[in-house]
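Report on the structure
Single-letter residue listing:
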Amino acid sequence: MELRHLRYFVAVAETLHFTRAAEMLGISQPPLSQQIQRLEHEIGTPLLKRLTRGVELTEAGRAFLNDATEIVQLADHALEKARGMARGISGQMSLGFASSVAFGAPVFDLLQRFRTRYPAMELIAREENMALLMQDLRDGLLDAAFIRLPCESSKAFNMKVIATERMMIALPAGHACSSSGTIALAQLVDETLIMFPREVAPSLYELIVSTCLRAGFTPTRFIQAPQITSSLGMVGAGCGIALVPDSMCCVNNPHVTFCEIENNTLFTDIAFAWRRNNPSRTVMHLLSLISQ
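Before going into details, it helps to say that this report is about the structure given with it. Model, not experiment: these values are computed from the prediction.

The pairing of strand β3 (residues 91-98) with strand β4 (residues 121-128) spans eight bridges and is classified as parallel. Directly across from Gly 96, in β4, lies its bridge partner Arg 126. With helix α5 (residues 105-117) bridging β3 and its parallel neighbour β4, the resulting β-α-β unit is right-handed.

In this structure the tally under the stated criterion is eight salt bridges. In this structure, the salt-bridge partner of Glu 40 is Arg 50, at a minimum N-O distance of 2.9 Å. Taken together, the residues Glu 40 in helix α3 (residues 29-43) and Arg 50 in strand β1 (residues 48-51) connect sequence positions ten residues apart. Owing to a relative accessible area of 10%, Glu 40 belongs among the buried residues under this scheme. Taking the relative accessible area as the measure of exposure, Arg 50 reaches 40% and is therefore partly exposed. The partner of Arg 148 in a salt bridge is Glu 165, with the nearest N and O atoms 2.8 Å apart. A residue pair is termed long-range when its members are at least 10 positions apart, and Arg 148 in strand β5 (residues 144-149) and Glu 165 in strand β6 (residues 158-172) qualify at 17 residues. Using a relative accessible area of 1% as the deciding quantity, one classes Arg 148 as buried. Among the charged side chains, a salt-bridge network with shared partners connects Arg 126, Glu 128 and Asp 136.

Their axes nearest at 10 Å, the elements α5 and helix α9 (residues 281-291) cross at an angle of 125 degrees. Classified by the angle between their axes, α5 and α9 sit oblique to one another. Relative to α9, α5 is oriented so that their crossing is right-handed. Across the interface between the two elements, Leu 110, Arg 113, Phe 114 and Arg 117 of α5 pack against Thr 282, His 285, Leu 286, Leu 289 and Ile 290 of α9. Its residues assigned to classes, the contact of α5 with α9 comprises five nonpolar, two polar and two charged.

The next thing to look at is unusual backbone geometry. Even without being a glycine, Leu 16 presents a positive backbone phi close to 55 degrees. Mapped onto the elements, Leu 16 comes out in the loop between α1 (3-15) and α2 (18-25). One non-glycine residue, Asn 263, adopts positive backbone phi at about 50 degrees. Structurally, Asn 263 is set in the loop between β11 (256-261) and β12 (267-274). When its relative accessible area of 67% is taken as the criterion, Asn 263 is described as exposed.

Now for α3. Over its 15 residues, α3 runs 21 Å from end to end, which matches the ideal 21 Å to within 8%, given 1.5 Å per residue. Phi turns positive one or two residues past the end of α3, at Gly 44, with a value near 95 degrees.

Let's shift gears to the state of the cysteines. Evaluation of the coordinates by the stated rule reveals zero disulfides. Left without a disulfide partner, Cys 250 is nearest to the cysteine sulfur of Cys 249, which lies 7.9 Å away. A relative accessible area of 51% means that Cys 250 is categorised as exposed.

Bridging between β6 and β12 involves eight bridges; their strand directions are antiparallel. For Ala 163, the partnering residue across the bridge sits in β12 and is Ile 270. Where β6 lies against strand β10 (residues 242-245), four bridges are found, and the strand directions are antiparallel. Each residue of the ladder has a partner; that of Met 168, found in β10, is Val 244. Bridge analysis of β6 against β11 gives four bridges, and the strand direction is antiparallel. Residue pairing across strands places Ile 169 opposite Cys 259, the latter belonging to β11.

The rules behind the values
Residues numbered from 1 in each chain as written. Predicted model: local features only at pLDDT ≥ 70, side-chain atom pairs only at ≥ 80, totals over all residues. Heavy atoms only, no water. Pairing = 2+ DSSP bridges. Helix = DSSP H or I, 4+ residues; strand = E, 2+ residues; numbered from the N terminus. Right-handed = clockwise from strand over helix to strand, strands pointing away. Salt bridge = Lys/Arg side-chain N within 4 Å of Asp/Glu carboxyl O. Buried < 20%, exposed > 50% of the residue type's maximum accessible area, 1.4 Å probe, protein only. Axes fitted to C-alpha atoms, helices over the stretch in contact; angles between N-to-C directions. Parallel < 35°, antiparallel > 145°, perpendicular 65-115°, else oblique. Left-handed = near helix turned anticlockwise from the far one by under 90°. Contact = heavy atoms within 4.5 Å. Nonpolar A, V, L, I, M, F, W, Y, C, P; charged D, E, K, R; others polar. Expected span 1.5 Å × (residues − 1). Disulfide = S-S within 2.5 Å.

Put into structure tokens, the structure is as follows:
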């Protein structure tokens, strides 16, 4: 029994007419009749009653039609699914997100456009710190990732910058400088600086420390936060101040105030990263939206 035999039978059963079914299938009527006869011979019982002006289903034909229709639909679905995955418009794509990128509007504007363009593609998101993110991307556990630069290990991947953010100063709401619109970094000389661990994002860590050095002081009082995002909770608790990307200003914490940095030279990039040997068309589709 071949799939085309089932397609032929379903067409005849739906139209109850050999000639109309043949036209719908794009074949001539005699071969269609012959194929239906072969199907009936293989099954061992008539599926159709031949009438003067058409056909009608036998009891066996009605029972066979339900399963035949389901098989044809499943085959069509499997075909479209395979074609869609080959074209990168359906299936799954695993995306990693650096924790500090989770607040970046450009990232989610991009994902919204991607979902609109490719609604059959399932996005599987994973949020991790930068060190784990780079490892998972290297090991093939992720198709691509949205990361924060600078990042030394990112040099092993293809990279496309999506947005550039200035860093801001996050202060406890009751801080003496919390009402100031702009603060010089040198004013933070006596402050406790809440920082993420150096091993999480060593390049970004070094950027912040070197910027403080250029401002004329060496940060000596540190408290570690697990990640950049968790540092805001510690700021709100009065543990110290933190330097964070400006996209995190959207966090609604009444105990935290954000201020600009005077003569700011501290910037960080949000970038899309993917493996250099990754031929995924889905990744290329997402990359094309970034380029637009």
